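Residues per chain, in single letters:
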Amino acid sequence: MDQYAFCKKNSMKGNLEMRTMFGRNMALVLTKVNGYYYVNLYNNNPRNPGRCSLGWDEFIEMTTMRNVLEQLHSQFKIFQNIVHEEVLDNDGNNLTPTDDWRVGRRVVELGVITDHLQKCKHSGLPPSLHNTINIKTYGLGSVLKVLCTNKSCGNINAIPTGKQHDY
């Protein structure tokens with residue numbers, strides 16, 4: 001049987017979600033809302049986001065997830081009692097958003113920040129400062145490391161707070 005790694009998170013509305021990637025840029029999300037369980041599919045292809053059509057091989061792979069989904073369904077009560085969770089990448093680096101970037105004063109060029117918050121370089125979705133995982137300060141300026149709002153994308157966008165000079 002294939003192995004699938006599901007990432008646990010709370011949705012913006014506070015509902016528990018379990019998500020995994022499969023196929024070619026597809027994501028499957030198991031969600032519990034008001035006592036009902038939903039399975040949602042997302043296409044994370046930057047050229048065609050949102051539209052969800054499956055190739056035959058992806059459909060077959062999705063149907064093989066049934067046993068894993070049934071096990072997750074039975075474990076939802078355990079997952080809902082977890083108080084703290086950290087998000088790690090494949091190398092073990094902590095990707096959990098922090099509020100460190102909110103502390104202190106910085107010189108910020110709004111035009112530069114706005115331009116870089118337009119879209120993720122991979123998914124095309126606009127990054128959110130709420131997903132900032134790190135900050136590097138260089139003199140009066142900084143570079144914010146912002147995780148893509150599409151959690152299955154996983155891209156970390158470098159958002160400068162001002163113009164930078166290439167040396």
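Since the structure is predicted, the reported quantities are computational estimates derived from the model, not experimental observations.

Tallying secondary structure elements over the protein chain gives 3 helices and 7 strands in all. Listing each helix as α and each strand as β along the protein chain from the N terminus yields β-β-β-β-α-α-α-β-β-β. When each of the 167 residues of the protein chain is scored for burial, the buried share is 34%. Across the protein chain, every contact between residues at least 6 apart in sequence was considered, and the portion connecting residues at least 24 apart equals 42%.

Let us now look at the sheet that holds strand β1 (residues 7-10). Spatial ordering of the open sheet is given by β1-β2-β3-β4, a layout of 4 strands whose pairing is antiparallel. Two strands lie at the open edges of the sheet, namely β1 and β4 (36-43), each paired on one side alone. The mean angle between the axes of side-by-side strands here comes to 25 degrees, regardless of whether they run parallel or antiparallel.

Taken together, the 3 strands give an open sheet; going across it, the order is β5-β6-β7, and neighbouring strands pair in antiparallel fashion. Each having just a single partner strand, β5 (132-138) and β7 (156-160) make up the two edges of the open sheet. For this sheet the average axis-to-axis angle between neighbouring strands, irrespective of direction, equals 20 degrees. With 6 bridges connecting them, β5 and strand β6 (residues 141-147) associate as antiparallel partners. In the strand pairing of β6, Thr137 is matched with Ser142.

Now for the layout of surface pockets. The computed volume of the second largest pocket comes to approximately 160 Å³. As for the second largest pocket, its lining consists of 13 residues, of which Tyr138, Gly141, Gly162, Lys163 and Gln164 are closest to the centre. No other element matches β6, which puts 3 residues into the lining of the second largest pocket. Here the residues of the lining of the second largest pocket sort into 5 nonpolar, 6 polar and 2 charged.

Attention now goes to the nonpolar core. Counting 11 residues, the largest nonpolar core is built from Phe6, Met18, Phe22, Met26, Leu28, Leu30, Met62, Met65, Val68, Leu69 and Leu72. At the level of elements, β2 (16-22), β3 (26-33) and α2 (66-80) are the ones that each hand at least two residues to this core. In this structure, Leu117, Leu144, Val146 and Ile159 belong to the second largest nonpolar core, which totals 6 residues.

Calculation notes
Residues numbered from 1 in each chain as written. Predicted model: local features only at pLDDT ≥ 70, side-chain atom pairs only at ≥ 80, totals over all residues. Heavy atoms only, no water. Helix = DSSP H or I, 4+ residues; strand = E, 2+ residues; numbered from the N terminus. Buried < 20%, exposed > 50% of the residue type's maximum accessible area, 1.4 Å probe, protein only. Contact = heavy atoms within 4.5 Å. Pairing = 2+ DSSP bridges. Axes fitted to C-alpha atoms, helices over the stretch in contact; angles between N-to-C directions. 1 Å grid on protein atoms, 1.4 Å probe; cavity = no way out; pocket = protein on both sides within 12 Å on 5 of 7 lines; lining within 4 Å. Points joined across faces, edges and corners; volume = space filled by probe spheres on them. Nonpolar A, V, L, I, M, F, W, Y, C, P; charged D, E, K, R; others polar. Core = buried A, V, L, I, M, F, W, Y, C linked by side-chain atoms within 4.5 Å.

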